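Architecture and fold: a report
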Amino acid sequence: MMNGYGGYTGRILRIDLTRGSIDMEETWQYLPHGIGGRGIAAEIAWKEIPRNTSAFDTDAPLIFMTGPLTGTMAPFSGRTTVCGLAPQGYPCEWYTRSSFGGHFGPELKYAGYDGMVITGRSPEPAYIKIHNGQVSLEDARPLWGLGILDTQKKILGELSERWRVFAIGPAGENRVRIAVAATETESASGQGGFGAVMGDKRLKAIAVCGDGTLSIADPNRFQRICRLVRDEAHGSHGWPHTPRLDPALVKAYGQRFQACTQGCAVRCYDARYYKHVPSKLCPGKYLAGQIDCIAGLFPGAGGTFYDWNLGFEAGFELSQLANNEGVNHWELLVGIIPWLRYLKTDDPSTRFNRTKIDPDDMGFWVEVITAISRRKGEWGDALAEGTVRASQSLRVGQDRMRLLFPAWGYAGHWDGHGDHINKIFFPYWLVSALQWAVDTRDPISSGHGYVQNIMGWCREHSPVHGLDWDVMIKIGEKVYGTADAIHPLSDYNGKAFPAYWHGQRSVLKDSLPVDDQIFPRIFSRKTEDHFANAEGIPGPNFEFEMFTSATGISWNDELFMHYAERVVQMERQLLIRNFDRSRQDDETVIPYFAKPENRINPFIGTHVSMDPDKFRKLLTEYYQLRGWDPQNGRLLRETIEKFDIPALPDSTQSALESQEMG
Ligand code: SF4
């Protein structure tokens with residue numbers, strides 16, 4: 001444990017694919033203030049992504065970063081964070097992040113590295129091979145054209161099943177802006193289009209294997225904390241109840257729970273494994289693999305907005321096809337298919353290339369997925385740029401697109417409007433709206449903490465295991481300082497602080513990193529007052545306790561949250577320097593929310609739309625909590641000093657001032 005910090009390996013790989021050079025740097029230069037993961041990436045991005053850099057520029061870095069808990073016995077801790085300029089971003093390729101599970105991150109740590117910074121473009125397709133500290137660039141020409149699952153199979157066949165492989169498919173190779181990169185059968189860096197950045201760099205895959213171990217600063221305390229956190233865990237998503245397997249699917253396809261990442265301590269709604277699923281596209285062939293998260297929508301969900309009817313087997317196979325091609329599931333299921341259905345409703349003669357739009361037809365899906373990943377035909381090539389850009393280039397369905405895409409090029413999520421899966425009603429989506437307004441992507445991936453907790457524990461959605469509102473409101477007062485944060489009739493009051501606080505929690509989840517579906521722990525069925533607690537440790541402090549006992553960094557929880565907020569401020573300053581990010585940009589979310597919500601708060605009884613003026617006041621309240629100028633949403637001088645944030649270059653400062661003088 002050099003320099004006294006446990007949990008880290010102390011080394012970050014630096015690979016320049018143009019020169020074929022492999023170097024290392026010390027992680028310690030970014031610590032402790034960088035925390036890990038997203039925090040360290042923000043430091044690197046500020047220095048190495050100058051203004052006017054595009055996602056496909058040779059020198060644009062793609063940053064993979066684990067954190068101090070990755071690879072340790074910390075529950076729900078096996079994730080890896082990817083950061084960089086995002087091809088999926090709209091109207092510009094915003095700097096952003098994406099995280100993925102599986103076992104790749106822990107294996108990278110056991111191989112001796114906390115992360116990698118990849119720049120350049122390989123002259124020929126290549127893959128990175130990392131084995132116990134040894135790193136080499138391997139010829140990937142034989143792999144080029146293969147899918148993500150097939151690439152993994154080929155590399156593991158050549159090396160051994162012990163290895164972990166993160167790869168791209170045809171969508172990444174064709175620089176599709178909604179291309180994913182993934183490991184195992186279902187752990188993808190889904191949002192952001194980072195698969196396209198790997199494709200642009202001709203980086204087909206990263207294979208890693210390590211036998212190393214990690215040292216922990218205070219092993220006894222760490223072990224005790226991890227046990228407490230594991231034992232305190234409730235159901236998946238931090239919800240009160242545990243899902244059951246479907247007896248019919250168990251009998252037919254051996255359905256079983258399979259965690260999406262190392263260290264998971266619960267049975268999860270979102271993570272199930274199946275085997276012996278007969279293929280419809282290749283009769284006689286049988287499929288096996290996981291269906292996680294949104295992929296559960298592929299078969300269709302009768303009686304909902306997503307009521308196509310493909311059946312389990314076809315849905316399972318299409319999920320695997322999209323995984324193998326490397327096409328973003330969320331964009332496909334929450335964005336593209338609903339958008340195409342709208343177009344058909346508006347004009348039944350509309351065709352996808354020459355194919356009839358029919359979500360009940362498996363052939364239609366195969367055409368959509370493969371046309372996008374291989375940029376086939378006018379519609380395939382257009383949607384390879386993402387739905388928002390496609391609606392413009394195809395000059396069709398822009399109003400319909402705006403019903404599904406709140407901002408920044410991403411389909412809705414926990415917003416009460418375009419996302420019809422997650423049950424949420426007013427006033428709770430006001431917090432989501434604030435999170436969307438100040439983010440650069442769908443914020444909910446690491447921002448579930450507020451909406452998912454409240455909607456998962458309220459009696460309306462958990463009649464048996466849920467909590468009464470008076471109990472939840474009292475806990476809300478404890479966590480957010482006001483009963484209005486959770487009261488179902490609180491309107492716009494008390495909504496700025498939860499969005500502010502969960503901004504830091506989001507950073508911690510992407511920096512330690514830990515599972516977004518579980519943390520922060522707030523509600524409980526295991527304590528008398530239903531506030532999460534384990535032997536005197538309040539639920540919201542679990543991450544702090546794991547972090548300090550693993551690393552030996554002697555912060556108090558106030559400093560922990562301070563440095564988490566420093567990452568929020570660093571990222572905002574980078575957006576201002578590189579993209580002139582302003583209040584005007586943030587307010588572009590308003591039209592999406594200023595439409596009737598898709599569910600009703602039982603205490604209100606009618607569908608509510610956002611009131612733009614009230615929301616603008618709320619946004620100002622949020623800016624004041626952040627120390628941002630209410631006029632333009634930029635960091636105030638005292639905020640720059642408080643968090644020791646680099647100042648904007650004079651050129652940017654004067655450009656922004658002349659803009660304001662207009
Ligand atoms: S999403 Fe979270 S709870 Fe679900 S399997 Fe993954 S780690 Fe476990």
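Quick notes on the rules
- Per chain, residue numbering runs from 1 following the sequence as it is written.
- A pLDDT threshold of at least 70 governs which residues receive local features in this predicted model, and a stricter bar of 80 or more applies before side-chain atom pairs are shown or counted, although totals over entire chains, interfaces and linings include all residues.
- Hydrogen atoms and water are omitted, and side-chain values are computed over all heavy atoms in the structure.
- In DSSP terms, a helix is any run of H or I states spanning at least four residues, a strand is any run of E spanning at least two, and both are numbered starting from the N terminus.
- Source of the domain bounds: an automatic or database domain assignment.
- A quick way to say it: buried area is the sum, across both parts, of accessible area lost when two parts are put together, with a 1.4 Å probe.
- When a carboxyl oxygen of Asp or Glu lies within 4 Å of a side-chain nitrogen of Lys or Arg, that pair is called a salt bridge.
- Paired strands, as defined in this entry, are two strands with at least two bridges between them according to DSSP.
- Note on definitions: a residue-residue contact is assigned when non-hydrogen atoms from the two residues lie within 4.5 Å.
- Axis geometry follows a simple rule: fit a line to the C-alpha atoms, using only the stretch in contact for helices, then measure angles between N-to-C directions, giving values from 0 to 180 degrees.
- With a 1.4 Å probe rolled over the protein chains alone, any residue whose accessible area is under 20% of its type maximum counts as buried; one over 50% counts as exposed, and the rest are partly exposed.
- In this description, the arc belongs to the directions extending from the helix axis to the C-beta atoms.

The omega angle of the peptide bond from tyrosine 90 to proline 91 is 0°, so this bond is cis rather than trans. Assignment of secondary structure puts proline 91 in the loop between strand S4 (80–85) and strand S5 (95–100). Along the chain, phenylalanine 426 connects to proline 427 via a cis peptide bond; the corresponding omega equals 10°. Turning to its location among the elements, proline 427 is positioned in the loop between helix H13 (398–404) and helix H14 (429–438). One non-glycine residue, cysteine 293, lies in the positive phi region at around 50°. If you trace the backbone, cysteine 293 turns up in the loop between strand S15 (286–292) and helix H8 (312–325).

With that out of the way, let us pick up the domain arrangement of the protein. Partitioning the protein into domains gives domain 1 (11–209), domain 2 (243–404) and domain 3 (429–523 + 555–661). The C-alpha-based centres of domain 1 and domain 2 are spaced at 25 Å. For the pair domain 1 and domain 2, the summed buried surface comes to about 2600 Å²; carbon and sulfur atoms form 48% of the total. Across the domain 1-domain 2 interface, the total number found is one salt bridge.

This part takes up the sheet that holds S15. With respect to topology, three strands assemble into an open sheet ordered S13-S14-S15, the strand pairing being antiparallel. Single-partner strands in this sheet number two, and they are strand S13 (256–257) and S15. Bridging between strand S14 (residues 271–278) and S15 involves six bridges; their strand directions are antiparallel. Considered in S15, the bridge of valine 277 is made with leucine 287. Docked against the sheet, H8 engages S14 and S15, running at close to 80° with respect to S15.

Right, let's get into helix H3 (residues 148–158). Those residues of H3 that fall on the buried side of the exposure criterion are Ile148, Leu149, Thr151, Gln152, Ile155 and Leu156. Viewed end-on, H3 has its buried residues packed into an arc of 160°, placing them on one side of the element. Those residues of H3 that are exposed and angled more than 90 degrees off the buried face are Lys153 and Gly157. The elements touched by buried residues of H3 are strand S7 (126–131), strand S9 (164–167), strand S10 (181–183), strand S12 (203–209) and H8.

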